[in-house]
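Coordinate analysis (summary)
One-letter residues, chain by chain:
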Amino acid sequence: MRKIIIDTDPGIDDAMAIMLALKSKELDVLALTTTFGNVAVDLATKNALTLLELADRDIPVAQGVATPIAAPALAPPDFVHGSDGFGNINWPASTREADKRSAAQLIVDMVHQYPNEVSLVALGPLGNFAQALEIDPSIVDLVDEVILMGGAAEEKGNVTPVAEANIINDPHAAELVFGASWPVTMIGLDVTHQVIMDNELLAYIRDNNGKEGDFLYQATQFYFDFYYKTFGIKGCFVHDASTIIYALQPDIFKTEGRVIRVAVEGVGIGQTITAKPEQTFALDFWENRPVTNICLEVDSQRALNLIKSVFS
Ligand code: RIB
Ligand code: CA
């Protein structure tokens, strides 16, 4: 089984991704770590504990960063995920307690506990990964892979014309994560905008997954309403769950190696600016940067089929 730690800001699509990972037989979810983003970090932690109680899984949850490193903090998008992060369904909150460690410390501890076995899956802003790098830079050589939902190489942004939510929420953290010498795969809007989950698949998940399915169906209705009003779509983009799909079957995606720089200020703040390694540029912005594995295409039907098969 592939060991993963999921860093998350639950969040409706985070909840879908986490339940998908917990249900899959090929993934061993070691822990959830939480960050601000869709909701404040204390609510993200409570929601993560609620998801694990709902799934009846005894997995540690460690609370992480509450604010971006240096960029202006954005208000949680309650118009997308609801003020409770779960589509305002007021699901009973867990009474479980979080791990006493910080998210970053738990990540460092577990990466050392299982050297070269753990993949770090980010579903939110990247502050916990940046903090883990600061605590112990040696983890870059001990992590199997960083798989992150965020950014956009060729696609427009979803918060500004150029910036995707997880990156613009903490652009300095993203710049550090993309600049570290660990293997990083970016699951950005280039592919997540190609995978659309409709109500039929959601109803299937509801009907075949007991209380977890019922929760996901209820929580996602608010999200579907947002998508219909905003994009005229009857369904939703599969953002976070695409990281789990990649972790399970990477060949569903077509990738390309590119150098990434993140705009950390100004009108383009949060933009993931990519360049092919062989391209030469006058400025030294692009030198000595690691190459990130960027997902540019996806077989969306295979991705949706995989979701359905895991939730069967
Ligand atoms: O841009 C989509 C990302 O921002 C997803 O992770 C969603 O949960 C929000 O965090
Ligand atoms: Ca998320």
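The text that follows walks through the structure, step by step, so that each part is easy to find. Just so it is clear, the model here is predicted, and its values are computed rather than measured.

Rules used in this analysis
Residues numbered from 1 in each chain as written. Chains lettered and ligands numbered in written order. Predicted model: local features only at pLDDT ≥ 70, side-chain atom pairs only at ≥ 80, totals over all residues. Heavy atoms only, no water. Salt bridge = Lys/Arg side-chain N within 4 Å of Asp/Glu carboxyl O. Helix = DSSP H or I, 4+ residues; strand = E, 2+ residues; numbered from the N terminus. Buried < 20%, exposed > 50% of the residue type's maximum accessible area, 1.4 Å probe, protein only. Contact = heavy atoms within 4.5 Å. Donors = N, O, S within 2.8 Å, 3.2 Å for Na, K, Ca; no water. Pairing = 2+ DSSP bridges. Axes fitted to C-alpha atoms, helices over the stretch in contact; angles between N-to-C directions. Disulfide = S-S within 2.5 Å.

1. Looking at the pattern of salt bridges
One pass over the structure, following the stated rule, counts 16 salt bridges. Salt-bridge contacts for Asp-144 lead to Arg-2; the nearest nitrogen and oxygen are separated by 3.4 Å. Here Asp-144, found in the loop between α5 (127–135) and β5 (145–149), pairs with Arg-2, found in strand β1 (residues 2–8); they are 142 residues apart in sequence, far enough to count as distant. Note that Asp-109 is salt-bridged to Arg-101, the shortest N-O span being 3.0 Å. Its relative accessible area of 28% is what places Asp-109 among the partly exposed residues. Connected via shared salt-bridge partners are Glu-154, Glu-256, Arg-258 and Lys-276.

2. Topic: the environment of Asn-128
Inspection of the secondary structure assignment puts Asn-128 in helix α5. Its relative accessible area of 0% is what places Asn-128 among the buried residues. Between the alpha carbons of Asn-128 and Val-177 there is a distance of 9.9 Å; along the sequence they are 49 residues apart. Other than its neighbours up to four places away in sequence, Asn-128 contacts Asp-7, Thr-34, Thr-35, Gly-64, Val-65, Ala-103, Ala-104 and Ile-107.

3. Comments concerning the coordination of the calcium ion (ligand 2)
Around the calcium ion (ligand 2), the protein supplies Asp-9 (OD), Asp-14 (OD), Asp-14 (OD), Leu-123 (O) and Asp-240 (OD) as donor atoms, at distances of 2.2 to 2.6 Å. Of note, the donors binding the calcium ion (ligand 2) are all from one chain and are spaced D-x4-D-x108-L-x116-D. Here the residue Asp-14 occupies a position in helix α1 (residues 12–23), and Leu-123 occupies one in the loop between β4 (118–122) and α5, the gap between them amounting to 109 residues. Of the two residues examined, Asp-14 and Leu-123, each falls in the buried class.

4. Focus on the sheet that holds strand β2 (residues 27–34)
Spatially, the nine strands line up as an open sheet ordered β3-β2-β1-β4-β5-β6-β11-β9-β10, and their pairing is mixed. Because the sheet does not close on itself, it has two edges, and the strands there are β3 (61–63) and β10 (272–275). Here the average twist between neighbouring strands, direction ignored, is 30°. Bridging between β4 and β5 involves four bridges; their strand directions are parallel. Note on β5: the bridge partner recorded for Leu-120 is Val-146. Here helix α4 (residues 103–113) sits on the sheet and contacts β1, β2, β3 and β4; the angle it forms with β2, its principal contact strand, is near 155°.

5. With respect to the state of the cysteines
Under the counting rule described, the total for this entry stands at zero disulfides. Here Cys-236 stays unpaired: no disulfide links it, and the sulfur of Cys-295, its closest cysteine neighbor, is 19 Å away.

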